[in-house]
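The chain contents come next:
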Amino acid sequence: MRLRTLLVLLAVVPTVAMAGQVAVTSGRLLEQSAHLRADVAVGERVGVPLYGLMTALQAERTATAAYWAEPSEPGEELAARRTASDRAAAVFRRAAAGGGAGTEEADRRLREVLDGLGELADRRERTDARTGGPESTVAYYTHLIGQMIRFYQDVFSHTRDGELGQENQVVIALYSAAEMLAQQNTAIALAGPSRELSAPRFGEFVNLVGAHRYLYDRWIVPYLPPGDAERYARLVGSSAWQTKTRVENHVVSDHAGLRSGVRLPREVAAWPTAAAAWGTRVEELNTSRLRGLLDHGDEKAAALEAEVTRLIAVSGAALLTVVGVVVLATRSVLRRLRLLHDRTVTVAERTLPDVVARLRDGRPVDETALPSVRGDRDEVGRISDAFARAVAVSVAGHRELAAERHGFGTFAAGIASRTGNLVSRQLALTEELQDAFGADEELLARLMRADQLTVGMRRQIENLLILAGGEVPDPHTEPMRVADLLREAAAEVEEFRRIDRQALDEISVRAHAISQVSHLLAELLDNATRFSPPRARVTVRAELVADGLTVEVEDRGPRVGPERYAEMNARLHSAPPYAVLAEEAHRLGLFVVGHLADQLGATVTLRRSVYGGTSAVVVLPERLLVPSEAGARPSPGAERRGTGTTAGTAAGTGAEGGAWAGTGAEGADGSTARDADAPPGGPARDGSGPVRDAAPAASVPRTAAALPVRTPPGGARPGGGDRPPLPERVPQTHLAAQLRVPPPAAERGGGDGPDAGAGRRDRAEATPEEVADAWADYEDGTRKVEAELRREQP
């Protein structure tokens with residue numbers, strides 16, 4: 001997991017947890033506020049009209065009881081009470097129709113109240129008709145009023161605020177106490193002028209006296225707010241309340257028992273007047289307390305909403321602060337880590353490779369470009385210092401390796417240079433022997449064979465010199481035509497007669513690059529001849545392109561896979577360390593080719609040929625090329641570099657001076673040494689491909705035939721002197737006897753000089769023994785290639 005993700009998670013997890021807690025708390029507070037708002041709305045919409053209806057029904061109940069106590073017709077008092085009740089009921093019904101009460105219990109109570117009001121008209125009719133009795137009528141009113149009081153209890157009972165719940169209990173206690181006082185009024189009204197009550201009714205009256213006094217003293221007065229407490233004090237101190245208390249005391253103590261019930265004392269006559277006075281004050285106290293409860297609930301809801309707002313604001317500010325701090329800290333850490341990463345990448349991809357390259361080349365190193373130890377104490381600083389120490393150790397190791405490499409390269413270059421001088425002296429000696437014993441054709445052939453092996457030895461020594469960092473001596477002082485350059489490169493190869501050349505004459509290579517280009521092409525041609533079937537042809541062609549000059553070497557070797565081509569092309573573009581060279585000492589050719597191509601600024605690419613073999617494409621840059629002069633002769637460098645041996649001349653015979661140079665390995669008459677019965681390629685093989693860059697192996701000894709020489713008119717060798725003329729190589733005369741075929745008819749019947757046919761011998765049809773020997777030689781060469789291929793398999 002990325003560090004950025006970890007830091008973000010480190011900030012997100014507590015932030016989300018805190019936000020979740022704030023959301024839960026805010027939701028709970030908002031839910032409580034919504035409940036309070038709903039309760040207050042129900043109290044405003046239903047509770048206030050319901051209290052008005054309750055007081056109106058209490059008054060109507062008292063008037064109805066008085067009507068039952070008097071046998072006369074209903075008076076104006078009862079009609080007025082009924083009218084007030086009807087108005088209050090209408091207001092209440094409209095309020096109830098505006099919506100529910102908010103809870104299931106309150107809605108049920110509300111329906112019960114509405115149902116009870118539906119029976120009011122029927123009860124009035126029974127009262128007017130004096131049917132049913134006063135007890136059932138009073139019980140109806142009492143039950144309906146009790147349902148109203150329980151409605152208040154159900155509406156505010158679910159509130160989660162303890163203070164509001166206590167205030168709601170005070171309001172319910174006030175309503176209950178007021179109902180007890182109203183029931184006392186009803187009981188005295190039922191007594192009528194006779195002041196007689198039934199024993200059960202008298203018992204209820206006595207219980208009501210004690211109950212309402214207990215409610216006021218225990219559950220109301222201690223919880224009244226200051227304003228309502230003062231209002232209650234004025235109520236209790238009024239003469240009407242004192243009259244009520246005195247009458248209650250007289251009823252309890254001075255009543256007279258009757259056979260049918262109880263007779264109340266005469267003091268009850270003062271009750272109706274006092275009740276009218278203190279009843280108004282009780283109603284004001286109850287209304288004030290209900291209004292106070294609703295106002296306090298609204299304030300509580302507003303306070304909860306304000307608390308939610310404050311909580312969200314504070315929490316939001318805290319979350320923003322936390323997020324800001326985390327973002328700044330994360331950006332700071334990530335910025336330092338990004339700088340450390342960029343610096344590390346720069347050091348790893350640019351600085352360190354440049355330092356290694358400088359150390360490898362022996363150039364000075366800029367120490368200020370390397371990271372240094374700063375001694376920082378924080379974690380990022382310690383990582384940076386650790387990386388600086390690792391870079392220092394790596395640079396020290398590369399400096400030591402570079403010193404060892406440079407020393408070994410100098411040592412190897414010195415040995416290669418001294419060995420190369422010995423080989424050059426041997427070539428010069430071979431040239432002297434060729435000049436001295438040119439008349440002895442058999443000896444000359446053997447000398448040419450030794451010359452060819454010595455040239456291959458010199459090329460291997462030059463390979464060592466190139467890989468060791470030295471320079472190949474270049475004796476050329478004039479540009480060389482491309483045709484001559486190809487001829488010189490082919491002369492470096494042991495199987496030069498299998499090479500077909502196609503080159504332009506109008507372009508030349510600059511003198512300082514001739515030896516390097518020739519060596520590069522010689523390595524490619526050597527690989528092509530060695531890893532092709534013994535009688536297959538290798539073609540080298542040169543052509544001008546937009547980027548310069550392209551030289552393509554095409555063979556008929558075994559099939560090579562794309563992965564193998566990718567591996568070989570990678571080896572062409574990388575300078576291997578000595579460890580790799582030591583492990584792959586048998587495959588140095590492509591390393592040398594890549595090294596020379598890098599020095600020349602050329603590109604070399606290996607790819608599959610359309611004929612199934614391998615095609616090596618060399619692109620020389622335009623800066624290495626110059627136009628050839630008209631009528632120019634072959635450069636002296638077309639012969640063997642630094643020698644005058646006949647090997648270069650033998651490889652260079654052919655048509656010259658045309659738009660294209662003739663193919664290599666021509667005979668004395670200019671014909672090409674192509675065997676008509678040569679197979680197009682070696683045996684089909686499976687595997688990753690041949691080893692294309694192995695060093696030349698020791699060739700199989702071949703029987704050399706006498707080489708005839710071409711003598712110019714006059715018998716003198718070009719250049720003057722008494723030296724015998726240089727011999728000219730004839731196709732197939734250097735081959736083993738088993739591989740020779742009869743020359744074409746043109747070669748047997750013609751020539752371009754009197755000695756053109758010297759050294760040739762017509763042959764009859766091959767005997768079975770010769771065919772078996774030739775096939776054995778072919779199989780022996782195939783086994784050698786297969787053995788080298790097996791060494792390359794992983």
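Residues numbered from 1 in each chain as written. Predicted model: local features only at pLDDT ≥ 70, side-chain atom pairs only at ≥ 80, totals over all residues. Heavy atoms only, no water.

1. Quick look at the overall build of the protein chain
- Looking only at helices and strands, the protein chain has 20 helices and eleven strands in total.
- The 794 residues of the protein chain split such that 45% are buried.
- A separation threshold of at least 6 residues defines the contact pool for the protein chain, and within that pool the share at least 24 residues apart is 78%.
- Here the protein chain has roughly 39000 Å² of accessible surface; of this, 57% comes from carbon and sulfur atoms. (Helix = DSSP H or I, 4+ residues; strand = E, 2+ residues; numbered from the N terminus. Buried < 20%, exposed > 50% of the residue type's maximum accessible area, 1.4 Å probe, protein only. Contact = heavy atoms within 4.5 Å. Areas by Shrake-Rupley, 256 points an atom, 1.4 Å probe, with all protein chains shown as cover.)

2. Some details on the packing of helix H2 (residues 76-97) against helix H3 (residues 104-118)
- Packing of H2 against H3 brings their axes to within 12 Å, and their N-to-C directions diverge by 145°. As for the relative orientation of H2 and H3, their crossing is left-handed in sense. Facing Ala 89, Phe 92, Arg 93 and Ala 96 of H2, the residues of H3 in contact are Leu 110, Val 113, Leu 114, Leu 117 and Gly 118.
- A breakdown of the residues in the contact of H2 with H3 according to their chemical character gives seven nonpolar, one polar and one charged. (Axes fitted to C-alpha atoms, helices over the stretch in contact; angles between N-to-C directions. Left-handed = near helix turned anticlockwise from the far one by under 90°. Nonpolar A, V, L, I, M, F, W, Y, C, P; charged D, E, K, R; others polar.)

3. What about the packing of aromatic side chains?
- By the definition in use, this model includes nine aromatic pairs.
- Relative to Tyr 232, the ring of Tyr 216 lies with its centre 5.3 Å away and its plane at 25°, an arrangement referred to as stacked. Taken together, the positions of Tyr 216 in helix H7 (residues 199-220) and Tyr 232 in helix H8 (residues 226-237) put the pair 16 residues apart, joining distant regions of the chain. Taken as a pair, Tyr 216 and Tyr 232 share a single burial class, namely buried.
- Put simply, the rings of Phe 205, Tyr 216, Tyr 232, Trp 241, Trp 271 and Trp 278 touch in pairs and so form one group of aromatic residues.
- For Arg 130, the ring lying beneath its charged end belongs to Trp 68, and the centroid distance is 6.0 Å.
- Here the basic side chain of Arg 556 rests over the ring of Tyr 611, its NZ or CZ set 4.2 Å away from the ring centre. (Phe/Tyr/Trp six-rings, centres within 6.5 Å; stacked < 30°, edge-to-face > 60°. Lys NZ or Arg CZ within 6 Å of the ring centre and 35° of its normal.)

4. Some thoughts on the packing of helix H12 (residues 441-467) against helix H14 (residues 514-530)
- Direction vectors running N to C along H12 and H14 enclose 120°, while the axes themselves pass 12 Å from each other. Between H12 and H14, the interaxial angle falls into the category oblique. For the crossing formed where H12 meets H14, the hand is left-handed. Of the residues in H14, those in contact with Arg 459, Gln 460, Glu 462, Asn 463 and Ile 466 of H12 are His 519, Ala 522, Glu 523 and Asp 526. (Parallel < 35°, antiparallel > 145°, perpendicular 65-115°, else oblique.)

5. What to know about the confidence of the model for the protein chain
- Taken over all residues, the pLDDT of the protein chain has a mean of 75, while the share at 70 or more is 73%.
- For the stretch residues 732-765, pLDDT sits under 50, and the model shows 56 contacts to residues farther than four places along the chain or on other chains. (pLDDT = per-residue confidence, 0-100.)

6. Regarding a nonpolar patch on the surface
- There is a patch of nonpolar side chains on the surface, built from Leu 6, Leu 9 and Val 13 and spanning about 260 Å² of accessible area.
- Among the structural elements, Leu 9 can be located in helix H1 (residues 3-69).
- Overall, Leu 9 belongs to the partly exposed group, its relative accessible area being 38%. (Patch = residues over 30% accessible without salt bridge, like charges linked within 9 Å, V, L, I, M, F, W, Y side chains within 5 Å. Salt bridge = Lys/Arg side-chain N within 4 Å of Asp/Glu carboxyl O.)

7. Examining helix H15 (residues 562-572)
- Of all the residues in H15, the buried ones are Arg 564, Tyr 565, Met 568, Asn 569, Arg 571 and Leu 572. Looking down the long axis of H15, one finds its buried residues gathered within 155° of arc, a one-sided arrangement. Looking at H15, the residues exposed on the side facing more than 90 degrees away from the buried face are Pro 562 and Glu 563. (Arc of directions from axis to C-beta.)

8. Let's talk about the sheet that holds strand E1 (residues 196-197)
- With respect to topology, three strands assemble into an open sheet ordered E1-E3-E2, the strand pairing being antiparallel. Looking at which strands have only one partner, the edges of the open sheet turn out to be E1 and strand E2 (256-257).
- Bridging between E2 and strand E3 (residues 262-263) involves two bridges; their strand directions are antiparallel. Counted as the bridge partner of Ala 256 is Arg 263 from E3. (Pairing = 2+ DSSP bridges.)

9. Brief notes about helix H17 (residues 589-600)
- In a regular helix each residue adds 1.5 Å, so twelve residues correspond to 16 Å; H17 covers 17 Å between its end C-alpha atoms and thus fits that length.
- In terms of burial, H17 is a largely internal element, nine of the twelve residues being buried.
- Those residues of H17 that fall on the buried side of the exposure criterion are Gly 589, Leu 590, Phe 591, Val 592, Val 593, Gly 594, Leu 596, Ala 597 and Leu 600. (Expected span 1.5 Å × (residues − 1).)

10. Describing the environment of Gln 147
- Take Gln 147: it is sitting in helix H5 (residues 134-155).
- Overall, the relative accessible area of 4% leaves Gln 147 in the buried class.
- Side-chain polar atoms of Gln 147 contact the side chain of Arg 109, separated by 3.4 Å. (Polar contact = N/O pair within 3.5 Å; in protein donor to acceptor, adjacent residues only side chain to side chain.)

11. A closer look at the sheet that holds strand E7 (residues 538-545)
- The five strands lie next to each other as E5-E7-E8-E10-E9, forming an open sheet whose pairing is mixed. Across the chains shown, the open sheet's two edge strands, defined by having one partner strand only, are strand E5 (499-502) and strand E9 (603-608). Mean inter-strand twist for the sheet, computed between neighbouring axes without regard to direction, equals 15°.
- Across four bridges, the pairing between E5 and E7 is parallel.

12. Focus: the nonpolar core
- Of all hydrophobic cores here, the largest spans 49 residues; its most connected members are Leu 520 and Leu 525.
- Contacts of Leu 525, omitting those with residues within four sequence positions, involve Ala 489, Ala 490, Val 493, Ile 499, Val 538, Val 540 and Val 553. (Core = buried A, V, L, I, M, F, W, Y, C linked by side-chain atoms within 4.5 Å.)

13. What about the pairing of E9?
- Pairing between E9 and strand E10 (residues 614-621): six bridges, direction antiparallel. If you follow Arg 607 over to E10, its bridge partner there is Ser 615.
- The hairpin formed by E9 and E10 contains five residues between the paired strands, and Gly 612 there has a positive phi angle of roughly 100°.

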